[in-house]
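Here's the letter readout for the chains.
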Amino acid sequence: MSTSANVSSDLLTFRGSSLEIKDLTMAFGDIHVLRGVSLSIAPGTTTCIIGPSGSGKSTLLRGINRLHEPSSGDVLLDGESTLNLNPDVLRSRIGMVFQHFNLFPDHTSLENVALALRSVKGMSKAEARERASRRLAEVGLAERADHRPRDLSGGQQQRVAIARALAMEPEVMLFDEATSALDPELVKGVLTLMAGLCERGMTMAVVTHEMGFARRVADQVVFMDEGEVVEVGTPADLFDNPQSERLQRFLSEVL
Ligand code: ADP
Ligand code: MG
């Protein structure tokens, strides 16, 4: 049972918002890493983004919540431009989970989840701890509230990171290879937790190498290569009937 998410029965449903990416371009100096990416993600649906290393998947997610500033284009959240939103507000409405968890090493699980509730949401200490402990219970970690990251498995650390993002009550969740750094036996529990969020109505954009997850869970799959969206469609469209030579080659390497 240690690999299952062991989610408590007291579950929230989410009000996922739509996310619309409009002709987004991003560059590092002279290097154009995103060359005009457009995508529509309907409320409460999951889009999996696949593609070779270096194709711009992480850059796209980082542009969506402005960890890196886009050069041009726009991102609409629930129909409204996010360009003029305060970045802290934007990042509380669009949560992000990274490959390497990015937890604060000297804080407990509970503190990791509670910190932004205090600093960004302005909650009292008691309120923040109360909400944080509910979110930890939801990801099956009620008993680990007082543990520091080094005393948790990679899978547990990633579940703390997911609880931390969920505590902000985001409308969209972005996952950047959330299971790539985990030992193989810990991957399934995190994927099960992610699939559960999708069933409860979260809007999700998931960069992943887990093709089985993409096929099972995605409403829409996006194949990126060299900073562009090359194909978009259902899992059956992309996995069973790839149109481009680039996607055919990619699938022959990863499947
Ligand atoms: P992926 O996530 O699909 O592997 P990335 O979005 O990380 O791809 O990277 C896309 C391209 O942008 C790569 O060529 C990478 O070298 C480049 N890149 C990413 N981050 C930076 C950065 N901070 N500075 C310069 N180039 C970068
Ligand atoms: Mg990446």
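In this text the structure is predicted, and so the values were computed from the model without any measurement.

> Even after reading the chapter, I still don't get the overall build of the chain, so can you show me in this structure?
When its secondary structure is counted, the chain shows 9 helices and 10 strands. Computed over its C-alpha atoms, the radius of gyration of the chain comes to 18 Å, within 12% of the 18 Å expected for a compact globule of 255 residues. Its C-alpha atoms put the chain at 55 × 40 × 30 Å along the principal axes. Buried positions account for 52% of the 255 residues belonging to the chain. Residue pairs in contact within the chain that sit at least 24 positions apart in sequence constitute 68% of those at least 6 positions apart. Carbon together with sulfur atoms contributes 46% to the accessible area of the chain, which is approximately 11600 Å² in total. For the chain, the distance from the average site of its 26 positive side-chain charges to the average site of its 34 negative ones is 6 Å.

> What is the right way to look at the pairing of strand β1 (residues 19-28) in this model?
As paired strands, β1 and strand β2 (residues 31-41) are joined by 8 bridges and run antiparallel to one another. Pairing of Ile 21 across the sheet is with Leu 39, part of β2. Counting the residues that bridge the hairpin from β1 to β2 gives 2 residues, and of these Gly 29 lies at a positive phi of roughly 60 degrees. Relative to strand β4 (residues 72-77), β1 is paired through 5 bridges, and the arrangement is antiparallel. When the bridges of β4 are listed, Leu 19 appears paired with Leu 77.

> Can you walk me through the confidence of the model for the chain in this structure?
Close inspection of predicted coordinates is inappropriate for parts of the model with low pLDDT. The pLDDT averaged across the chain works out to 94; a share of 96% of its residues lies at or above 70. A low-confidence stretch, residues 1-9 stays under pLDDT 50, and its non-local contacts, those more than four residues away or across chains, total 16 contacts. Model confidence for the complex: the whole-complex pTM is 0.94, and ipTM, which rates the interface, is 0.98.

> Just checking my understanding: could you explain the site of ligand 1 for this structure?
Around ligand 1, the neighbouring residues are Phe 28, Val 33, Pro 52, Ser 53, Gly 54, Ser 55, Gly 56, Lys 57, Ser 58 and Thr 59. One of the backbone nitrogen or oxygen atoms of Gly 56 is found 3.0 Å away from an oxygen atom of ligand 1. Contact between ligand 1 and Lys 57: an oxygen atom at 2.8 Å from a side-chain N or O atom of the residue. Computed on the free molecule, ligand 1 has an accessible area of 560 Å², of which 56% lies beneath the protein chains in the complex.

> I would appreciate a short explanation of the side chain of Ser 55 in the present structure.
Positionally, Ser 55 belongs in the loop between β3 (46-50) and α1 (57-64). At 2.7 Å, the side chain of Ser 55 forms a polar contact with the backbone oxygen of Pro 52. Every residue in contact with Ser 55, bar those within four places of it in the chain, is listed here: Val 33, Met 224, Asp 225, Glu 226 and Gly 227.

> What's the story with the sheet that holds strand β7 (residues 172-176) in this structure? I'm lost.
The pairing of strands in a sheet happens through backbone hydrogen bonds and is either parallel or antiparallel. The strand order β6-β7-β8-β3-β9-β10 describes an open sheet built from 6 strands, whose pairing is mixed. Of all strands in the sheet, those with a lone pairing partner are β6 (94-97) and β10 (228-233), marking the two edges. Mean inter-strand twist for the sheet, computed between neighbouring axes without regard to direction, equals 20 degrees. This element, helix α5 (residues 154-167), spans β6 and β7 of the sheet and lies at about 170 degrees to β6. Where helix α9 (residues 245-254) meets the sheet, it contacts β3, β9 (220-225) and β10, and its direction lies at approximately 100 degrees from that of β9.

> Sorry if this is basic, but what is going on with the pattern of salt bridges here?
Pairs can form between side chains of opposite charge whenever their charged atoms are close. Going through the model one piece at a time under the given rule, you end up with 13 salt bridges. Here Arg 200 ties to Glu 138 by a salt bridge, and the two come within 3.7 Å at their closest N and O atoms. Here Arg 200 is found in the loop between α6 (184-199) and β8 (203-207), whereas its partner Glu 138 is found in helix α4 (residues 125-138), with 62 residues between them in sequence. Ionic contacts of the salt-bridge type, sharing partners, join the residues Arg 15, Asp 78, Arg 93 and Glu 171 into one network.

Quick notes on the rules
- Residues numbered from 1 in each chain as written.
- Chains lettered and ligands numbered in written order.
- Predicted model: local features only at pLDDT ≥ 70, side-chain atom pairs only at ≥ 80, totals over all residues.
- Heavy atoms only, no water.
- Helix = DSSP H or I, 4+ residues; strand = E, 2+ residues; numbered from the N terminus.
- Rg over C-alpha atoms; globule rule 2.2 N^0.38 Å.
- Buried < 20%, exposed > 50% of the residue type's maximum accessible area, 1.4 Å probe, protein only.
- Contact = heavy atoms within 4.5 Å.
- Areas by Shrake-Rupley, 256 points an atom, 1.4 Å probe, with all protein chains shown as cover.
- Lys, Arg positive; Asp, Glu negative; His and termini not counted.
- Charge placed at Lys NZ, Arg CZ, Asp CG, Glu CD.
- Pairing = 2+ DSSP bridges.
- pLDDT = per-residue confidence, 0-100.
- Near = heavy atom within 4 Å.
- Polar contact = N/O pair within 3.5 Å; in protein donor to acceptor, adjacent residues only side chain to side chain.
- Axes fitted to C-alpha atoms, helices over the stretch in contact; angles between N-to-C directions.
- Salt bridge = Lys/Arg side-chain N within 4 Å of Asp/Glu carboxyl O.

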